[in-house]
Amino acid sequence: MADSTAISSTTSPATPSITSTTSITSTGKGFQSAGLTSGIDWETLVEKTIAAKKAANQAPYTRSKKDYENKLTAWQTFNTSLSALTTLINDTEKFNSDDGYKLFYSSLYCADSEVKTADIMNVSVDKAAGPGTYSVEISALAKAEKINSDIFTSKNTALNVLNPSFTGGDLVVNNRTVNILATDTLAGVMTKINSVSSGITAAIIGVSATEYRLTLQSDAEGAEGMSLKNGSNSTVLEQLTLHTGTKQLAHASGSDVLSDTYRDSTKESDTPDKKISTLLGLTAPQSGLVTIKDKTYAIDLSTATLNSIAAAINADPPTGTVASVVSVTDDDFVTTYKLKLTNVGLSDLADQNNVLETLGILEGTRKNTITAGQDASLKVDGFPITSSSNAVTKAIEGITLNLAGTTASATPIQVKILADNDTLIDKLTTYIGNISDILTAIKQQNTYSATDSKALLGDVNLATIKNNITNALFAETSSNTLYKTLSSAGIAFAGNGTISMDTDALKKALLNNRGDVVTLLKNFGTSLYDKMNVYVDPYTGTLKDITESVQNEITSLNSRLAEMDARFERQADLMRKRYNALESLISQSNTLKTFLTNTSDARKQTW
């Protein structure tokens, strides 16, 4: 008791309490003040220990994943190469069909040495049916129509000021309606016409400060390149001095007459039942009495359609006349419709309020023609042909005759279409090169190297691909007469495992029997495409299954590695907790040691 009282005396030296002076808390992966008491870097120790365990446990999986990734890359590369080859064969160059070998060029000749054929025409060869020689005579070139108005004294003054009787109205240019106001200027009319993009270009020619003419020119060549109609009961074309007021048939066909063509841009087949006012975009559609021979019909363009007009005429037909709606589908599969009246002439028609003119059955005559629209006229092998363009595409299949001049009747141009073997060989060089690149890549994968492991070494699919190429190349075409194998035409395996092409031998074979060579190449392309497409078809291809299987393995390994990462992170957390506890014990031990030392020292002072 005396000792205890002495120690707790207020006059005695202070006795330290047993408390820890070091705060140790775990925050994430590290310790906030780890090692302050022990002097040990616990976090580094944990990280190195876990890293060593992870490396030892994950190494086999990491190596396996790398192997699968290399396989995936290799197969993706092969898939790209084989897909490019099948595309070349089937889509780009058509090496598995006759189209791939329709390669021709043209040569022009004229018996008259004074004639420069380049001044008369040139020829573009797309895909001609075959070699041949054609005699071409050109009697007339296609021309674009161009007209102008009478003189206006100003281009910026309202037309009803220049001419008080000017009322304006709907002007229909190539079936595009332009509403001309009485207050418009000549410059304003030009702008309005150009704004509808009808294929007719308007311009103003200023002869002097008080002399201006409105000029209209068709953008297209041909006799029917420009359609101009009054689209209301006013005579705006006559007011603009573009037409004389005398009517003529717009589209005569023998003893029949036709209207302008119509097409509904939303749905072509609905065109015959669409209102004329809608098809033309009329702002003030007119109505009037139309006389055809001995019958008169009231036609209101605000409600009338091609079908309704034809039906009304046929319900009470003129003598000897039948009305119908006919359709025409061009080479671009665009269908247009027109009204047809049989056995009708100009004298059989009477038009009130420009109804027939708006329909395009009648038209006014041009007042001032600068250039009349004209179709090209030519003969090919003596057969007469007309064309609305100087680029004549329908005379010879697959060939465009670009006309630039006319010929004398005694000196036609001879157009020779010849097989273009040089271009074919250039295409085949690329083709064979692509196949050789694939064979080289297969050989590289199957060549052992101690320093460079090959991802697909010994893979049976590579061997199958090579065998398929070999079999296609060695296949025999028994139906051929002279060249039955590709090797006989100069295409064979080279010593390095690729395919070689003897261009001289191939050129000779093409000259000797082009049909045999084309058949060989076409059969080779067909066989090669079929065999390679088994691998690269995007839906059922073998390589799709292979790459998906490899990707699944990689995904599975990634999952295993992720699981290991999580497990080792849990071990790391457990180690941190244990080291935290150990650090705390060391700290408490040191505190106790300090307490006992101080207690001992205090007692000594009382002795």
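Residues numbered from 1 in each chain as written. Predicted model: local features only at pLDDT ≥ 70, side-chain atom pairs only at ≥ 80, totals over all residues. Heavy atoms only, no water.

Caption draft 1: Broad picture of the overall build of the protein chain. Looking only at helices and strands, the protein chain has 13 helices and 28 strands in total. Taken against the 2.2 N^0.38 rule, which gives 25 Å for 607 residues, the C-alpha radius of gyration of the protein chain at 46 Å runs more than 25% over that of a compact globule. Principal axes of the C-alpha set define a box for the protein chain whose edges measure 150 × 85 × 55 Å. By residue count, 38% of the 607 residues in the protein chain fall in the buried class. Sequence-distant contacts in the protein chain: of pairs separated by 6 or more residues, those separated by 24 or more amount to 70%. Carbon together with sulfur atoms contributes 50% to the accessible area of the protein chain, which is approximately 30,800 Å² in total. Where the 53 positive side-chain charges of the protein chain centre and where its 64 negative ones centre are 9 Å apart. (Helix = DSSP H or I, 4+ residues; strand = E, 2+ residues; numbered from the N terminus. Rg over C-alpha atoms; globule rule 2.2 N^0.38 Å. Buried < 20%, exposed > 50% of the residue type's maximum accessible area, 1.4 Å probe, protein only. Contact = heavy atoms within 4.5 Å. Areas by Shrake-Rupley, 256 points an atom, 1.4 Å probe, with all protein chains shown as cover. Lys, Arg positive; Asp, Glu negative; His and termini not counted. Charge placed at Lys NZ, Arg CZ, Asp CG, Glu CD.)

Caption draft 2: Focus on the packing of aromatic side chains. In this structure the tally under the stated criterion is six aromatic pairs. Between Trp42 and Tyr579, the aromatic rings sit 4.5 Å apart at their centres with planes inclined by 20°, giving stacked as the arrangement. Of this pair, Trp42 sits in helix H2 (residues 42–92) while Tyr579 sits in helix H13 (residues 542–606), and the two are 537 residues apart along the sequence. Each of the two residues, Trp42 as well as Tyr579, counts as buried. Taking the centre distance of 6.0 Å and the plane angle of 55° together, the rings of Trp75 and Phe78 count as tilted. (Phe/Tyr/Trp six-rings, centres within 6.5 Å; stacked < 30°, edge-to-face > 60°.)

Caption draft 3: A look at helix H8 (residues 306–315). Those residues of H8 that sit buried are Leu306, Ile309, Ala310 and Ile313. One side of H8 carries all its buried residues, which in axial view fall inside an arc of 95°. Residues of H8 that are buried in the fold lie against helix H7 (276–280), strand E15 (287–292), strand E16 (295–300), strand E17 (323–329), strand E18 (335–341) and helix H9 (355–359). (Arc of directions from axis to C-beta.)

Caption draft 4: Inspection of the side chain of Glu363 at higher detail. Within the element layout of this structure, Glu363 appears in strand E20 (residues 362–366). Setting aside residues no more than four positions away along its own chain, Glu363 makes contact with Thr246, Lys247, Gln248, Leu249, Ala250 and Glu357.

Caption draft 5: Quick peek at the pairing of strand E10 (residues 211–218). With three bridges joining them, strand E6 (residues 146–148) and E10 adopt antiparallel strand pairing. Within E10, the position partnered with Ile147 by the bridge is Leu216. As paired strands, strand E9 (residues 200–208) and E10 are joined by eight bridges and run antiparallel to one another. Directly across from Gly206, in E10, lies its bridge partner Tyr212. In sequence, E9 turns back onto E10 through a hairpin of two residues. (Pairing = 2+ DSSP bridges.)

Caption draft 6: Geometry of the sheet that holds strand E25 (residues 399–403). One open sheet holds the three strands; their spatial order is E4-E25-E24, and the pairing between them is antiparallel. In this open sheet, the two edge strands, each paired with only one partner strand, are strand E4 (121–125) and strand E24 (391–396). Each strand of the sheet is rotated relative to its neighbour by a mean of 30°, with strand direction disregarded. One ladder, built from three bridges, connects E24 with E25; its direction is antiparallel. If you follow Ile396 over to E25, its bridge partner there is Ile399. (Axes fitted to C-alpha atoms, helices over the stretch in contact; angles between N-to-C directions.)

Caption draft 7: Representation of the packing of H2 against H13 in the model. The geometry of H2 relative to H13 is characterised by a closest axis approach of 9 Å and an angle of 170° between their N-to-C directions. The angle between H2 and H13 falls in the class roughly antiparallel. For the contact of H2 with H13, the class distribution of residues is 22 nonpolar, 10 polar and 11 charged. (Parallel < 35°, antiparallel > 145°, perpendicular 65-115°, else oblique. Nonpolar A, V, L, I, M, F, W, Y, C, P; charged D, E, K, R; others polar.)

Caption draft 8: Broad picture of the nonpolar core. Judged by nonpolar contacts, the single largest core of 49 residues is most densely connected at Tyr431, Ile435, Ile469, Ile491, Leu506 and Leu528. Looking at this core, the elements that each hand over two or more residues are H2, helix H10 (421–445), helix H11 (460–474), strand E28 (499–501), helix H12 (503–536) and H13. Residue contributions to this core peak at 13 residues, all from H12. Excluding anything up to four places from it in sequence, Leu528 contacts Leu85, Ile89, Tyr431, Ile435, Ile469 and Ala472. Residues Val290, Ile299, Ala304 and Ile361 belong to the second largest nonpolar core, which totals 28 residues. (Core = buried A, V, L, I, M, F, W, Y, C linked by side-chain atoms within 4.5 Å.)

Caption draft 9: Structural view of the packing of H11 against H12. Direction vectors running N to C along H11 and H12 enclose 165°, while the axes themselves pass 9 Å from each other. For the element pair H11 / H12, the angle class is roughly antiparallel. Considering how the two elements wind past one another, H11 and H12 form a crossing that is right-handed. Counting all contacts with H11, which are made through Asn461, Thr464, Ile465, Asn468, Ile469, Ala472 and Leu473, the residues of H12 involved are Phe524, Ser527, Leu528, Lys531, Met532 and Tyr535. Residues that form the contact of H11 with H12 fall into these classes: eight nonpolar, four polar and one charged. (Left-handed = near helix turned anticlockwise from the far one by under 90°.)

Caption draft 10: Quick peek at H11. Taking 1.5 Å as the rise per residue, H11 with 15 residues should run 21 Å; its terminal C-alpha atoms sit 21 Å apart, in good agreement. The complete set of buried residues in H11 reads Asn461, Leu462, Ile465, Asn468, Ile469, Thr470, Ala472 and Leu473. The secondary structure elements touched by the buried residues of H11 are H2, H10, strand E27 (491–493), E28, H12 and H13. The N-capping residue of H11, defined by a side-chain oxygen 2.8 Å from the backbone nitrogen of Asn461, is Asp459. (Expected span 1.5 Å × (residues − 1). Polar contact = N/O pair within 3.5 Å; in protein donor to acceptor, adjacent residues only side chain to side chain.)

Caption draft 11: Up close: the sheet that holds strand E14 (residues 256–258). Pairing in this open sheet of four strands is antiparallel, and the strands run E13-E14-E18-E17 from one edge to the other. Among the strands making up the open sheet, the edge pair consists of strand E13 (251–253) and E17. Pairwise comparison of adjacent strand axes, ignoring direction, gives a mean angle of 35° for this sheet. With three bridges joining them, E13 and E14 adopt antiparallel strand pairing. Looking at the pairing, Ser253 lines up with Asp256 of E14.

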